[in-house]
Amino acid sequence: MSKMVDAALCAGDCPVQRATRVFDGKWTTLVLRDLLGGTRRYSELQRSLAGISPRLLSARLKLLEQQGLVLRTEYATVPPTTEYALSEQGMRIIPVIQALAAYGQGLLEEDASAAQRRAAQPAATQTGVTRVRNGKRVS
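Residues numbered from 1 in each chain as written. Predicted model: local features only at pLDDT ≥ 70, side-chain atom pairs only at ≥ 80, totals over all residues. Heavy atoms only, no water.

Participant: Residues and numbers for the pairing of strand β3 (residues 81–86), please.
Facilitator: Among the six residues of β3, six are classified as buried, and the element is accordingly described as predominantly covered. Every second residue of β3 is oriented toward a common face, with Thr-81, Glu-83 and Ala-85 on one face and Thr-82, Tyr-84 and Leu-86 on the other, all of them buried. Both strand β1 (residues 40–41) and β3 contribute to a ladder of two bridges, which runs antiparallel. Bridge pairing links Arg-41 to Glu-83 in β3. Between strand β2 (residues 70–75) and β3, which pair antiparallel and follow one another directly, the connecting turn spans five residues. (Buried < 20%, exposed > 50% of the residue type's maximum accessible area, 1.4 Å probe, protein only. Helix = DSSP H or I, 4+ residues; strand = E, 2+ residues; numbered from the N terminus. Pairing = 2+ DSSP bridges.)

Here it is, written out as structure tokens:
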């Protein structure tokens, strides 16, 4: 661990704690991820974030806007069109999201390797598998 992080663990103003406040909440990181590709309309964000409620998406976007990470542009159309994009400050998050993506990719590859190893084992030798036929253990 670097000295900057070690010192921060004891300091009153912890930079890691401050940074994690930006990513607070289940959907915040995914909203930021979607905005990495450029300007998105509200409806595009809602479609890409399957499972998020409109109310929660709106709250996350408002919070990110208040933090200065997202720019909101509203157009006077019928119905109103609203677009969101990362601000200059929000662009500084790109390396963090890329690091999360690289870490997540490694985890997915480890999961796939473990699943392949389990699938390659004969059924009787798989850990925790006991074969039973007619009420009697068969190995």
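Participant: Please provide a residue-by-residue account of the sheet that holds β2, values included.
Facilitator: Strand order in the open sheet formed by three strands is β1-β3-β2, and the pairing between neighbours is antiparallel. Of all strands in the sheet, those bounded by a partner on one side alone are β1 and β2. Bridge count between β2 and β3: six bridges; the pairing is antiparallel. Within β3, the position partnered with Tyr-75 by the bridge is Thr-81.

Participant: Any chance you could break down unusual backbone geometry for me, citing the residues and the numbers?
Facilitator: Of the consecutive residues Val-78 and Pro-79, the connecting peptide bond is found in the cis state with omega at -10°. One can find Pro-79 in the loop between β2 and β3.

Participant: So what's going on with the side chain of Thr-28? Residues and values would help.
Facilitator: With respect to the helices and strands, the residue Thr-28 is situated in helix α3 (residues 28–35). What makes Thr-28 buried here is its relative accessible area of 0%. For Thr-28, the side chain forms a polar contact with the main-chain oxygen of Asp-24, separated by 2.6 Å. Those residues in contact with Thr-28 that lie beyond four places of it in its chain are Val-22, Phe-23, Arg-60 and Leu-64. (Polar contact = N/O pair within 3.5 Å; in protein donor to acceptor, adjacent residues only side chain to side chain. Contact = heavy atoms within 4.5 Å.)

Participant: Account for the packing of α3 against helix α5 (residues 54–66), naming residues and giving values.
Facilitator: Relative to each other, α3 and α5 sit at 75°, their axes nearing to 10 Å. Looking at the two axes, α3 sits roughly perpendicular to α5. Of the residues in α5, those touching α3 at Thr-28, Val-31 and Leu-32 are Leu-57, Arg-60, Leu-61 and Leu-64. Across the contact of α3 with α5, the residue classes break down as five nonpolar, one polar and one charged. (Axes fitted to C-alpha atoms, helices over the stretch in contact; angles between N-to-C directions. Parallel < 35°, antiparallel > 145°, perpendicular 65-115°, else oblique. Nonpolar A, V, L, I, M, F, W, Y, C, P; charged D, E, K, R; others polar.)

Participant: Could you give me a rundown of the side chain of Ser-87, with the residues and numbers involved?
Facilitator: By the secondary structure assignment, Ser-87 is in the loop between β3 and α6 (88–91). Given a relative accessible area of 6%, Ser-87 falls into the buried group. Within the local environment of Ser-87, its side chain forms a polar contact with the backbone oxygen of Gly-68, the two atoms lying 2.5 Å apart.

Participant: Outline the nonpolar core, listing residues and values.
Facilitator: For soluble globular proteins, nonpolar side chains are generally found buried alongside one another. Judged by nonpolar contacts, the single largest core of 18 residues is most densely connected at Val-31, Leu-32, Leu-35, Leu-57, Val-70 and Ile-93. Mapped onto this core, the elements with two or more residues apiece are α3, α5 and β3. Setting aside its immediate chain neighbours within four residues, Val-31 contacts Leu-49, Leu-57, Arg-60, Leu-61 and Leu-64. (Core = buried A, V, L, I, M, F, W, Y, C linked by side-chain atoms within 4.5 Å.)

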